Amino acid sequence: MDAAEERRFREFVSARSPALMRLAFLLTGGDQHAAEDLLQTALARTVARWSRVETPEAYVRQTMYRQQVSWWRRRRETVVAEPPEGTVADGTHGVDLRIVMRRALSRLTPRQRAVLVLRYYEDLPEAEVAGILGCSVGTVRSTAHRSLARLRVLAPELGEPYTIFGEVAT
């Protein structure tokens, strides 16, 4: 990689890392360390192909999705009965809702989280979500429906209808 390409890569990482880190955080179910690892892995794979990458952000995001799905397939998650209590709210309603949502999302399966993140946070069409996750559109629809129903059970305090990632989820 020549100096100009290296500078371009550094500028991309500097400008887009916060948004990419938020996505990694959501994909990993709120695990900060796993999110950092996921983003680092995606950026390392991107820099290896940097001269051939036409749309860097799309490439990094796709790499993160695929890496996380691959990790989920290798490891089956064990769900604990209850997440630890004791989170201190700062007094604002929005923060409380985010905490409740994060706890509820962490209790979903990895596939359920991925469908909700891709569908509602990334605002991707069902067909694209299906392509990324390697499943059918019907699977995406049914998983989204079941995931939202599960969130309603896990976090009834969010109300009906409540919003997920800034959009009303039905």
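That block above? That's the structure.
Residues numbered from 1 in each chain as written. Predicted model: local features only at pLDDT ≥ 70, side-chain atom pairs only at ≥ 80, totals over all residues. Heavy atoms only, no water.

Student: Is there a simple way to explain unusual backbone geometry in this structure?
Tutor: In this model, Asp-123 sits at a positive phi of 55°, which is unusual for a non-glycine residue. Take Asp-123: it is sitting in the loop between α5 (110-121) and α6 (126-133). (Helix = DSSP H or I, 4+ residues; strand = E, 2+ residues; numbered from the N terminus.)

Student: What should I look at first to understand the nonpolar core in this one?
Tutor: The tendency in soluble globular proteins is for nonpolar side chains to be buried as a group. Judged by nonpolar contacts, the single largest core of 31 residues is most densely connected at Leu-27, Leu-39, Val-60, Met-64, Tyr-65, Leu-118 and Leu-133. Looking at this core, the elements with two or more residues in it are α1 (3-27), α2 (32-48), α3 (56-74), α5, α6 and α7 (137-154). Counting twelve residues, the second largest nonpolar core, distinct from the first, contains Met-101, Leu-108, Leu-154 and Ala-155. (Core = buried A, V, L, I, M, F, W, Y, C linked by side-chain atoms within 4.5 Å. Buried < 20%, exposed > 50% of the residue type's maximum accessible area, 1.4 Å probe, protein only.)

Student: Before we go on, may I ask you to explain the environment of Ala-114 in this structure?
Tutor: If you trace the backbone, Ala-114 turns up in helix α5. Those residues in contact with Ala-114 that lie beyond four places of it in its chain are Trp-72 and Leu-133. (Contact = heavy atoms within 4.5 Å.)

Student: Which parts of the structure should I look at to understand the packing of α6 against α7?
Tutor: Packed helices, taken two at a time, are described by their axes: the angle between them and the distance between them. At a minimum axis distance of 8 Å, the contact between α6 and α7 shows a crossing angle of 100°. Here α6 is positioned roughly perpendicular relative to α7, judged by the angle of their axes. Every residue of α7 that contacts α6 at Glu-126, Ala-127, Val-129 and Ala-130 is listed here: Val-137, Val-140 and Arg-141. (Axes fitted to C-alpha atoms, helices over the stretch in contact; angles between N-to-C directions. Parallel < 35°, antiparallel > 145°, perpendicular 65-115°, else oblique.)

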